Amino acid sequence: MTRGAKPYHLESLEERYPKWVVRSLYTGVNSFISIFLMAIIAYNTDAPFVFPSLGPTAFLLFFTPLAAASAPHNAFVGHLIGVLAGWFSLAVTGLLNVPPDLEKIDWQRVLACAVALGLTCGLMPVFQAAHPPAGATTLIVSLGLIRTPEHLLIMMVAVCVIVLQGFVINRGAGLPYPVWRKHAKNTPPDD
């Protein structure tokens, strides 16, 4: 056991047991807890606090918590870019008030999806906020599955809640999970 590490910290557990078992349990149990709590909030508020792209976000937060894509900055800013790009794509294609129809995709929806994903994937590097699940978030919005301003705000609150859960759980496990942004050791952040 590493000096100063507590016996229940992830690093200590990985030294005593097979790493793949510890990491599998850590990822699965904490993803279950996080989405379960989000679903309880959704159940009690009748609001979209659970949406598909939170699943891969939870996976990243717990399977690769020290990767840049898992940092709070990347998760929050990446999803925000996805939400805004999705909303923008609905606005420019005239679909803001059109309900989704996944069985009959018309040319407006094709364009909305392409614009949303192109903007999201193009802007995440600009803001140094690579978070792959944001690509799913922007498609959820551009497909019209979640599209009202109130629900888009709730999506971002949900992202904040799951990132906060990731912070608390990962720090509780003794990991040096970043407060906001991950920087490589001995190198300045990109300009």
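What about the overall build of the protein?
Here comes step 1: If you tally the helices and strands in the protein, you get 7 helices and 0 strands.
Here comes step 2: The secondary structure elements of the protein, listed N-terminal to C-terminal, are α-α-α-α-α-α-α.
Here comes step 3: C-alpha atoms of the protein, sized along the principal axes, occupy 60 × 45 × 25 Å.
Here comes step 4: Here the protein, with 191 residues, has 42% of them falling under the buried criterion.
Here comes step 5: Sequence separation of at least 24 residues holds for 71% of the intrachain contacts in the protein that already meet a minimum separation of 6.
Here comes step 6: Counting only carbon and sulfur atoms, one obtains 70% of the accessible surface of the protein, whose full area is about 10,500 Å².

Section: the packing of aromatic side chains
Here comes step 1: Tallied over the full model, the rule gives 5 aromatic pairs.
Here comes step 2: For the pair Phe32 and Phe36, a centre-to-centre distance of 5.7 Å together with 15° between the ring planes defines the contact as stacked. Linking Phe32 with Phe36, this pair stays in helix H2 (residues 19-45), spanning 4 residues, or about one helical turn.
Here comes step 3: A residue is classified by how much of its surface remains accessible, and Phe32, at 56% relative accessible area, is exposed.
Here comes step 4: Taking relative accessible area as the criterion, Phe36 reaches 45% and is therefore assigned partly exposed.

Section: unusual backbone geometry
Here comes step 1: Backbone geometry at Asp46 places phi at a positive 55°, although glycine is not the residue there.
Here comes step 2: Tracing the sequence through the fold places Asp46 in the loop between H2 and helix H3 (54-63).
Here comes step 3: Positive phi, close to 50°, is recorded for Gln128, a residue that is not glycine.
Here comes step 4: With respect to the helices, strands and loops of the structure, Gln128 is situated in the loop between helix H5 (107-126) and helix H6 (133-142).
Here comes step 5: Under the relative-accessibility criterion, Gln128 is labelled partly exposed at 27%.

A look at the side chain of His131
Here comes step 1: As for its position among the elements, His131 is in the loop between H5 and H6.
Here comes step 2: Assessed through its relative accessible area of 0%, His131 is described here as buried.
Here comes step 3: Here Thr57 takes part through its side chain, which lies 2.9 Å from a polar atom of the side chain of His131.
Here comes step 4: At 2.7 Å, the side chain of His131 forms a polar contact with the backbone oxygen of Ala69.

Here's the deal with H3
Here comes step 1: Along H3, the residues that are buried comprise Leu54, Thr57, Ala58, Leu60, Leu61 and Phe62.
Here comes step 2: Elements that come into contact with the buried residues of H3 comprise H2, helix H4 (72-92), H6 and helix H7 (149-172).

Observations concerning the nonpolar core
Here comes step 1: Membership of the largest hydrophobic core comes to 32 residues, with the highest contact counts inside it found for Tyr26, Phe49, Phe51, Leu54 and Met155.
Here comes step 2: Of all the secondary-structure elements, those providing two or more residues to this core are H2, H3, H4, H6 and H7.
Here comes step 3: If you tally residues by element for this core, the top one is H7, at 9 residues.
Here comes step 4: Once you skip the residues sitting within four places of it in the chain, Phe51 turns out to touch Thr137, Ile140, Ile146, Met155, Ala158 and Val159.
Here comes step 5: Counting residues in each nonpolar core, the second largest holds 5 residues, with Ile81, Met124, Ala129 and Ala134 among its members.

The rules behind these values
- Residues numbered from 1 in each chain as written.
- Predicted model: local features only at pLDDT ≥ 70, side-chain atom pairs only at ≥ 80, totals over all residues.
- Heavy atoms only, no water.
- Helix = DSSP H or I, 4+ residues; strand = E, 2+ residues; numbered from the N terminus.
- Buried < 20%, exposed > 50% of the residue type's maximum accessible area, 1.4 Å probe, protein only.
- Contact = heavy atoms within 4.5 Å.
- Areas by Shrake-Rupley, 256 points an atom, 1.4 Å probe, with all protein chains shown as cover.
- Phe/Tyr/Trp six-rings, centres within 6.5 Å; stacked < 30°, edge-to-face > 60°.
- Polar contact = N/O pair within 3.5 Å; in protein donor to acceptor, adjacent residues only side chain to side chain.
- Core = buried A, V, L, I, M, F, W, Y, C linked by side-chain atoms within 4.5 Å.

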